[in-house]
Amino acid sequence: KIDNEKMQENVYEYFSFGAQNIFDISVSHNRNISKLISWLYAQIPQKINTPNTEDDLIEFLEENYTQDGEVKEEENKIKVAILGRVNVGKSSLLNALVEKERSVVISVAGTTIDPVDETIEYKNFEITFVDTAGIRKRSKTQGIEKYALLRSKKMLEDADVALLVLDCSQDFVELDEKIGGLIAQYKLATIVILNKYDISQKEY
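Quick look at the structure, then. (Residues numbered from 1 in each chain as written. Predicted model: local features only at pLDDT ≥ 70, side-chain atom pairs only at ≥ 80, totals over all residues. Heavy atoms only, no water.)

### Overview of the overall build of the protein
And step 1. Across its full length, the protein carries six helices and five strands.
And step 2. Among the 204 residues that make up the protein, the fraction classed as buried is 27%.
And step 3. At a minimum sequence separation of 6, the contacts of the protein that also span at least 24 residues come to 59%.
And step 4. In the form shown here, the protein has an accessible surface area of approximately 15100 Å², with 51% of it arising from carbon and sulfur atoms. (Helix = DSSP H or I, 4+ residues; strand = E, 2+ residues; numbered from the N terminus. Buried < 20%, exposed > 50% of the residue type's maximum accessible area, 1.4 Å probe, protein only. Contact = heavy atoms within 4.5 Å. Areas by Shrake-Rupley, 256 points an atom, 1.4 Å probe, with all protein chains shown as cover.)

Here it is as structure tokens:
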């Protein structure tokens, strides 16, 4: 019922509630209705598989929803992100887990730029491992690596489990802690991997 400009001034008070989207409209005066409709349209997926028959509809509902009307989760699919700073052995770990040379492994740090993924079947589970680009200190992240880091963070949003790979042949550094904090930010189940133990000179 924002019918005029004077009422418009009151709208700003509602932003104090923290809502991300506020629509000041007047149905009777057709104010900002098109803005609301455009926003609603943008939220609708552009590709929807619409059931054509009643049987299709029943099958669709049974496959995608529980009896309580909740959306079913893909319980047999697990996404595992492999995280760590550069040259800690993430690609080697991926190759070992999937038992094939999926990622290029050389001694040069920063070989992996784009996330590399591989899916395996294990005890009726479909497990997708993703080898993310190694994370550097912000001051040393430049060029294409910045985009690789953004893609790694985007991948974390969809992951279920994180493998935090640490190089135990060297001292752990602040960056290792920051990467752990990044995982905590996405509230992921985490397994800590101590790699390169065979060349470590430390006693544990």
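### Let's talk about the pattern of salt bridges
And step 1. A full pass over the atoms with the stated rule returns four salt bridges.
And step 2. Notably, a salt bridge pairs Glu5 with Arg31, separated by 3.6 Å at the nearest N-O pair. You can see Glu5 sitting in helix α1 (residues 5-8) and its partner Arg31 sitting in the loop between α1 and α2 (33-43), a full 26 residues away along the chain.
And step 3. A salt bridge links Asp167 to Lys196; its shortest N-O distance comes to 3.6 Å. In this pair, Asp167 sits in strand β4 (residues 161-167) while Lys196 sits in the segment after β5 (189-195), placing the two residues 29 residues apart along the sequence. (Salt bridge = Lys/Arg side-chain N within 4 Å of Asp/Glu carboxyl O.)

### Description of a negative patch on the surface
And step 1. Taken together, the side chains of Glu54, Asp55, Asp56, Glu59, Glu62 and Glu63 make up a negatively charged region of the molecular surface.
And step 2. Examined against the element boundaries, Asp55 turns out to sit in helix α3 (residues 54-64).
And step 3. Judged by its relative accessible area of 58%, Asp55 is exposed. (Patch = residues over 30% accessible without salt bridge, like charges linked within 9 Å, V, L, I, M, F, W, Y side chains within 5 Å. Lys, Arg positive; Asp, Glu negative; His and termini not counted. Charge placed at Lys NZ, Arg CZ, Asp CG, Glu CD.)

### A few points about the pairing of β5
And step 1. Examined bridge by bridge, β4 and β5 share seven bridges and lie parallel to one another. When the bridges of β5 are listed, Leu163 appears paired with Ile191. (Pairing = 2+ DSSP bridges.)

By themselves, these observations are geometric and do not establish any function.
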